Amino acid sequence: MPGALPLLSFTLSELYISLYRRWNDPKYTGRTLLLEDYQALGGVAGALTRRATEEYNNLIKDFGEALGKVYQATMRRVMLRMVTIEGGGAARRQVAESELEYSSQEENKYRIEVIDRLVKARLLVQGQEAGEAYVEPAHDILVRGWNLLQTWREQEQENVALQRLITPVSKEWHKNQKAIGFLWDDNPRILLLKDILKSPNNWLNRVETKF
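Residues numbered from 1 in each chain as written. Predicted model: local features only at pLDDT ≥ 70, side-chain atom pairs only at ≥ 80, totals over all residues. Heavy atoms only, no water.

Caption draft 1: Representation of the nonpolar core. One finds Met75, Met79, Leu100, Leu123, Trp146 and Leu149 to be the most contacted residues of the largest nonpolar core, which totals 35 residues. For this core, the secondary structure elements donating two or more residues are helix H1 (4-22), helix H3 (43-63), helix H4 (65-81), helix H5 (105-120), helix H6 (140-145) and helix H7 (147-155). In this view, Met79 contacts Leu118, Leu124, Leu142, Trp146, Leu149 and Trp152; residues no more than four positions away in its chain are not counted. Listed in part, the 9 residues of the second largest apolar core include Trp184, Leu193, Ile196 and Phe211. (Core = buried A, V, L, I, M, F, W, Y, C linked by side-chain atoms within 4.5 Å. Buried < 20%, exposed > 50% of the residue type's maximum accessible area, 1.4 Å probe, protein only. Helix = DSSP H or I, 4+ residues; strand = E, 2+ residues; numbered from the N terminus. Contact = heavy atoms within 4.5 Å.)

In structure tokens form, the structure reads like this:
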């Protein structure tokens, strides 16, 4: 499959971590990567999606119940922006970091922390294209095979579809010095966006909010 080497690298890294943890037992002196650890990871694809679930759950473990749920909501918003539909199936989407800037400084703090953790876990990768920083899932398997992300997509189908419409439109409006001609005048979707703006699940970024 395309991109097999990064997946193999990730899986070997997870197997080594399993071995390293076993060394905490002074009775164990082996230096062999075990088939049982590979099977426990769920194979190559399972290793990636299992780690994603682990990172999501660790947010509660590391930040406590209340704040952890805030971080989890941020992770959900970030990951949903990184999914697109190609040929009837889900695929990873490269997202400009400017698209992940929110009006709330608190939300930006949570977003930076979440992305940093996912990059360190090798679930996301960062780079630059045409001078603009971006972030994207490390592999399509993460967006196709992670059951939690699939659940979020099903729950947020309408919001994801609306997001794909407003993101390029608001970006074009901002690029053209916020010219009135680029705004939606009597587009019925404005009412939906106003409801989202007032809701606890407000996923609009800074430019989309201004738009």
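There's plenty left to go through after this.
Caption draft 2: Representation of the sheet that holds strand S4 (residues 124-129) in the model. Ordered by their spatial adjacency, 3 strands build an open sheet running S3-S5-S4, and the pairing between neighbours is antiparallel. Unpaired on one side and paired on the other, strand S3 (95-96) and S4 mark the two borders of the sheet. One ladder, built from 2 bridges, connects S3 with strand S5 (residues 132-137); its direction is antiparallel. Paired with Ala96 across the two strands is Tyr134, which belongs to S5. (Pairing = 2+ DSSP bridges.)

Caption draft 3: The arrangement of the packing of aromatic side chains in detail. Considering all chains together, one arrives at 7 aromatic pairs under this definition. Taken together, a centroid distance of 6.1 Å and an interplanar angle of 90° make the contact between Tyr16 and Trp23 edge-to-face. Residue Trp23 is classed as partly exposed on the basis of its relative accessible area, which comes to 29%. One aromatic cluster is present, built from ring pairs that chain together Tyr16, Tyr20 and Trp23. (Phe/Tyr/Trp six-rings, centres within 6.5 Å; stacked < 30°, edge-to-face > 60°.)

Caption draft 4: Just the packing of H3 against H4, in detail. Where H3 meets H4, the closest approach of the two axes is 6 Å, and the angle between their N-to-C directions is 150°. Our pair here, H3 against H4, has a crossing hand that is right-handed. Of H4, the residues touching H3 (which contributes Ala52, Tyr56, Asn57, Leu59, Ile60 and Phe63) are Glu65, Leu67, Gly68, Lys69, Tyr71, Gln72 and Met75. Grouping the constituent residues of the contact of H3 with H4 by class yields 8 nonpolar, 3 polar and 2 charged. (Axes fitted to C-alpha atoms, helices over the stretch in contact; angles between N-to-C directions. Left-handed = near helix turned anticlockwise from the far one by under 90°. Nonpolar A, V, L, I, M, F, W, Y, C, P; charged D, E, K, R; others polar.)

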